[in-house]
Amino acid sequence: MPETTKRSAPHASLSTDFRIAVNRLSRTLRAQKADTTVSDAMFSALARLHRDGPMTLAELSRNEGVTPPSMTKTVAALVDRGLLSKGGHGDDRRKVLIGAAPAGADFVVETRRRRDGWLSPRIAALTPAERRVLAEATEIMRRLAHQ
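A short tour of the structure in this document, coming up. Just so we're clear, the structure is a prediction, and the values are computed from it rather than from any experiment.

## Let's talk about the nonpolar core
Ranked by internal contacts, the top residues of the largest apolar core, which has 17 residues, are L46, L60, L78 and L84. It is helix α2 (residues 40–52) that provides the largest number of residues to this core, a total of six residues.

So this is what it looks like as structure tokens:
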């Protein structure tokens, strides 16, 4: 077996185990929503607008990494639910700004509260040493996500 294959095998196993664990935890956390009929894509767009403020459809599409036609459908569904609002763009009357409506902001806050409410007691049940390891792993995961 070539030397590079020997060295990469343990990393491949860790990669698989880590990916599975992250996916399971992510799926469980995503399920902790104020309304489970709101898709993950819808929540992501709503949460971005809540965090970053109003933006055009093109900006939101680009920031979320989806096509404008796909984002148009997502925005329309959120507007229909009263979670997003549309308004004029101060610089260009042809552009429309999309922002979180008060009900949308409430939805984001409640969903985040539920997710923290699910996770926080589980973290509290860990030993101090496990929480330190988790804090270190969290920083490593941030670095991995930005590479």
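## A word on the environment of K73
Considering the arrangement of structural elements, one finds K73 in helix α4 (residues 68–80). Once the C-alpha coordinates of K73 and N23 are considered, the two residues, 50 residues apart in sequence, prove to be 26 Å apart.

## Quick notes on the pattern of salt bridges
One side chain can pair with another of opposite charge once the charged atoms of both are near each other. Tallied over the full model, the rule gives nine salt bridges. Note that D40 and R30 form a salt bridge whose closest N and O atoms lie 2.8 Å from each other. Placement of the pair is D40 in helix α2 and R30 in helix α1 (residues 3–30), with a sequence separation of 10 residues. Residue classification places R30 among the partly exposed positions, given a relative accessible area of 32%. E110 is the salt-bridge partner of R114, the closest N and O atoms lying 2.8 Å from each other.

About the cut-offs
- Residues numbered from 1 in each chain as written.
- Predicted model: local features only at pLDDT ≥ 70, side-chain atom pairs only at ≥ 80, totals over all residues.
- Heavy atoms only, no water.
- Core = buried A, V, L, I, M, F, W, Y, C linked by side-chain atoms within 4.5 Å.
- Buried < 20%, exposed > 50% of the residue type's maximum accessible area, 1.4 Å probe, protein only.
- Helix = DSSP H or I, 4+ residues; strand = E, 2+ residues; numbered from the N terminus.
- Salt bridge = Lys/Arg side-chain N within 4 Å of Asp/Glu carboxyl O.

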